[in-house]
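Overview (structure and organization)
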Amino acid sequence: MGQVACNGGSGAPLATLAESSPRPGGRCRSASCPADINPVCPSEQAVRAAAASAKKDGSGGGGSGDDAVVGCKSACLAFGTDEYCCRGKFASPATCKPSGYSKLFKA
């Protein structure tokens, strides 16, 4: 299995809010955010301002009541299943099919 390296770092899992697939021939497309999907992000994938703030500073919560959606997790990150992460028996293009969740990111 290959290694992931970003800006000189390696071995740490990537933190991303979008899914990407290599093009035929193995060349990856560049990631971009052409649209704001936060307003349509399913609640089970939503990253909320208060929760994000609590994780960053170690507190139990923001306390301000701000629960605005500030990000949208991929289905793999949100649920961690083989089906959504394209691993195990879903690790091939024939078995790893787009889901309603992944289509949200590619709309």
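Our structure is the block above this text.
Calculation criteria
- Residues numbered from 1 in each chain as written.
- Predicted model: local features only at pLDDT ≥ 70, side-chain atom pairs only at ≥ 80, totals over all residues.
- Heavy atoms only, no water.
- Buried < 20%, exposed > 50% of the residue type's maximum accessible area, 1.4 Å probe, protein only.
- Phe/Tyr/Trp six-rings, centres within 6.5 Å; stacked < 30°, edge-to-face > 60°.
- Helix = DSSP H or I, 4+ residues; strand = E, 2+ residues; numbered from the N terminus.
- Salt bridge = Lys/Arg side-chain N within 4 Å of Asp/Glu carboxyl O.
- Disulfide = S-S within 2.5 Å.
- Core = buried A, V, L, I, M, F, W, Y, C linked by side-chain atoms within 4.5 Å.
- Contact = heavy atoms within 4.5 Å.

This part takes up unusual backbone geometry. With a phi close to 55°, cysteine 86 is a non-glycine residue in the positive phi region. On the basis of relative accessible area, cysteine 86 is assigned to the partly exposed category, the value being 32%.

Time to look at the packing of aromatic side chains. Between two aromatic rings, the relevant description is the distance of the centres plus the angle of the planes. Across all of its chains, the model carries three aromatic pairs by this definition. Plain terms: the ring middles of phenylalanine 79 and tyrosine 84 are 5.4 Å apart, the flat faces sit at 40° to each other, and that makes the pair tilted. Pairing phenylalanine 79 with tyrosine 101 gives two aromatic rings, centres 5.2 Å apart and planes at 50°, and the pair type is tilted. Of this pair, phenylalanine 79 sits in helix α2 (residues 75–79) while tyrosine 101 sits in helix α4 (residues 100–106); the two residues are 22 residues apart in sequence, bridging distant segments of the chain. Counting every residue linked through ring pairs, the aromatic cluster contains Phe79, Tyr84 and Tyr101.

When charged atoms on two side chains of opposite charge get close, those side chains can pair. A complete count under the given rule lists one salt bridge for this structure. For arginine 87, the salt bridge goes to aspartate 82, with nearest N and O atoms at 2.7 Å. In this structure arginine 87 comes out as partly exposed when scored by relative accessible area, which is 37%.

So, about the state of the cysteines. By definition, a disulfide links two cysteine residues through a covalent bond between their sulfur atoms. Taken as a whole and judged by the stated rule, the model has three disulfides. A disulfide bridge connects cysteine 41 with cysteine 72, and the sulfur atoms are separated by 2.1 Å. Handedness of the cysteine 41-cysteine 72 disulfide follows from its S-S torsion of about 85°: it is right-handed. Highlighted residues: cysteine 41 in the loop between β2 (9–10) and β3 (46–48) and cysteine 72 in strand β4 (residues 69–72), separated in sequence by 31 residues. Cysteine 41 sits in the buried class, given a relative accessible area of 11%. Residue cysteine 76 pairs covalently with cysteine 85 via a disulfide, S to S 2.0 Å.

Ranked by size, the top nonpolar core spans six residues in total: Ile37, Cys41, Ala46, Cys72, Leu104 and Phe105. Dropping the residues within four chain positions of it, cysteine 41 is found in contact with Ala46, Val69, Gly71, Cys72 and Leu104.

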